[in-house]
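Observations on the model geometry
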Amino acid sequence: MNLVFSKKTKIEKRIEYKFIINKSYKNYVLSYLHSNKIFSSYNPRSIHSIYFDNNHFSSAQENLSGLSNRKKYRLRIYNYVQNSPKIKSVFEIKTKINNLGSKIKSEILLSDINHDIFYKDNLELITSYLTRNDFFENKINLNEKMLIEYNREYFRDNFNQISITIDNNIVFKDLFLSNKKISIDNLIILEIKFSEKYRDYCSELFKNLNISRCKSSKYLIGFNKLFYQNILPIY
């Protein structure tokens, strides 16, 4: 398999709110968004995200402990078609400092792929390439730990200031210990992203939805479901 880096972009700091809600509530959420002039902005896509961590799951532990400055490393593939000879992927370094998140995104073309891209041999080749080319920023012993699959819908307000996504049909797969899969078909994840100056507006807007915010990322939810009883916490 060949991997070729093409370009790097940075997404500036923004606030992110997350909500985990029952799927039966989705139509109400969509109706509420439309009533506030927030509409679909992009065709829905399937997303496959490979998350990288060390064998102590330090990234997950930092999130659990509430560390104010932390990072996650993942490779994301949109609208994946099995056995494709070429795949466009995006490697992301996601930084969270207190309530503000930012991302550095690097586009990487995967080609001459043997079998499914998520086969163990292919994942090891991807990790080796990322390590050799310092995508992990000198972090040592990072390797593929989890695959998260889901379908994502996209929404924006009329002023293009608020970005909203709804994630459905979420599946977590263990890439570390057992290849175990766990799905959460009955839940959806609503994420709202905006700049600091729209904090009060967004807080007021979504307060009326009567749903509770959640601080856990999909990676942390997957960690809790797949690994928590098998990994000793670091103190």
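For the structure itself, consult the block above.
One structure accompanies this document, and this report is about it. (Residues numbered from 1 in each chain as written. Predicted model: local features only at pLDDT ≥ 70, side-chain atom pairs only at ≥ 80, totals over all residues. Heavy atoms only, no water.)

So, empty space enclosed by the protein
Applying the stated criterion across every chain yields a total of two cavities of 30 Å³ or more. Within this model, the largest cavity holds a volume of roughly 140 Å³. Secondary structure elements with two or more residues in the lining of the largest cavity: β1 (2-22), α2 (58-64), β3 (69-78) and β4 (86-97). When the residues that make up the lining of the largest cavity are grouped by side-chain class, the tally is no nonpolar, four polar and eight charged. Estimated volume of the second largest cavity: approximately 80 Å³. Forming the boundary of the second largest cavity are 14 residues, of which R74, R76, K94, E191 and K218 lie nearest the centre. Within the residue set of the lining of the second largest cavity, elements represented by two or more residues are β3, β6 (143-157), β9 (187-194) and α5 (218-226). If you tally residues by element for the lining of the second largest cavity, the top one is β3, at three residues. Split into classes, the residues belonging to the lining of the second largest cavity amount to three nonpolar, one polar and 10 charged. (1 Å grid on protein atoms, 1.4 Å probe; cavity = no way out; pocket = protein on both sides within 12 Å on 5 of 7 lines; lining within 4 Å. Points joined across faces, edges and corners; volume = space filled by probe spheres on them. Helix = DSSP H or I, 4+ residues; strand = E, 2+ residues; numbered from the N terminus. Nonpolar A, V, L, I, M, F, W, Y, C, P; charged D, E, K, R; others polar.)

Observations regarding the packing of aromatic side chains
For the coordinates displayed, the defined rule picks out 17 aromatic pairs. Each ring, one from F91 and one from F135, has its centre 5.4 Å from the other, and the planes form 80°; the classification is edge-to-face. Of this pair, F91 sits in strand β4 while F135 sits in the loop between α3 (120-132) and β6; the two residues are 44 residues apart in sequence, bridging distant segments of the chain. In this pair, the class of F91 matches that of F135, namely buried. Among the aromatic residues, those joined into a cluster by ring pairs are F5, F52, Y73, F91, Y129, F135 and F136. Over the aromatic face of Y150 sits the side chain of K218, whose NZ or CZ is 4.8 Å from the ring centroid. (Phe/Tyr/Trp six-rings, centres within 6.5 Å; stacked < 30°, edge-to-face > 60°. Buried < 20%, exposed > 50% of the residue type's maximum accessible area, 1.4 Å probe, protein only. Lys NZ or Arg CZ within 6 Å of the ring centre and 35° of its normal.)

What to know about α5
Within α5, seven of the nine residues are buried, leaving the element largely enclosed by the surrounding structure. Those residues of α5 lying buried are K218, Y219, L220, I221, G222, F223 and L226.

Here's the deal with the environment of Y78
Position of Y78 among the secondary structure elements: in strand β3. Given a relative accessible area of 22%, Y78 falls into the partly exposed group. Sequence separation between Y78 and S46 is 32 residues; the distance between their C-alpha atoms is 5.8 Å. The contact partners of Y78, leaving out residues within four places of it in the chain, are R45, S46, I47, V90, E92 and Y154. (Contact = heavy atoms within 4.5 Å.)

Overview of the pairing of β3
Extensive coverage of β3 is indicated by the burial of seven of its 10 residues. Across six bridges, the pairing between strand β2 (residues 38-53) and β3 is antiparallel. From the neighbouring strand, Y51 faces β3, where its bridge partner is R74. Pairing geometry for β3 and β4, over nine bridges, is antiparallel. When the bridges of β4 are listed, R70 appears paired with K96. (Pairing = 2+ DSSP bridges.)

Quick word on the environment of F155
The residue F155 is located in strand β6 in this model. It is 23 Å that separates the C-alpha atoms of F155 and T95, two residues lying 60 residues apart in sequence. With residues near it in sequence (within four places) discarded, F155 still touches L30, L33, I38, F39, S40, S41, I162, S163, I164 and I166.

Thoughts on the pattern of salt bridges
In this structure the tally under the stated criterion is 15 salt bridges. With a closest N to O distance of 3.4 Å, K18 and E16 form a salt bridge. E16 matches K18 in its accessibility class, with the two residues each being buried. Residue R152 is joined to D167 by a salt bridge in which the shortest nitrogen-to-oxygen separation is 2.7 Å. Of this pair, R152 sits in strand β6 while D167 sits in strand β7 (residues 163-174); the two residues are 15 residues apart in sequence, bridging distant segments of the chain. Exposure class is identical for R152 and D167. Each is buried. Connected through shared salt-bridge partners, R152, D167, E191, K193 and K218 make up one network. (Salt bridge = Lys/Arg side-chain N within 4 Å of Asp/Glu carboxyl O.)

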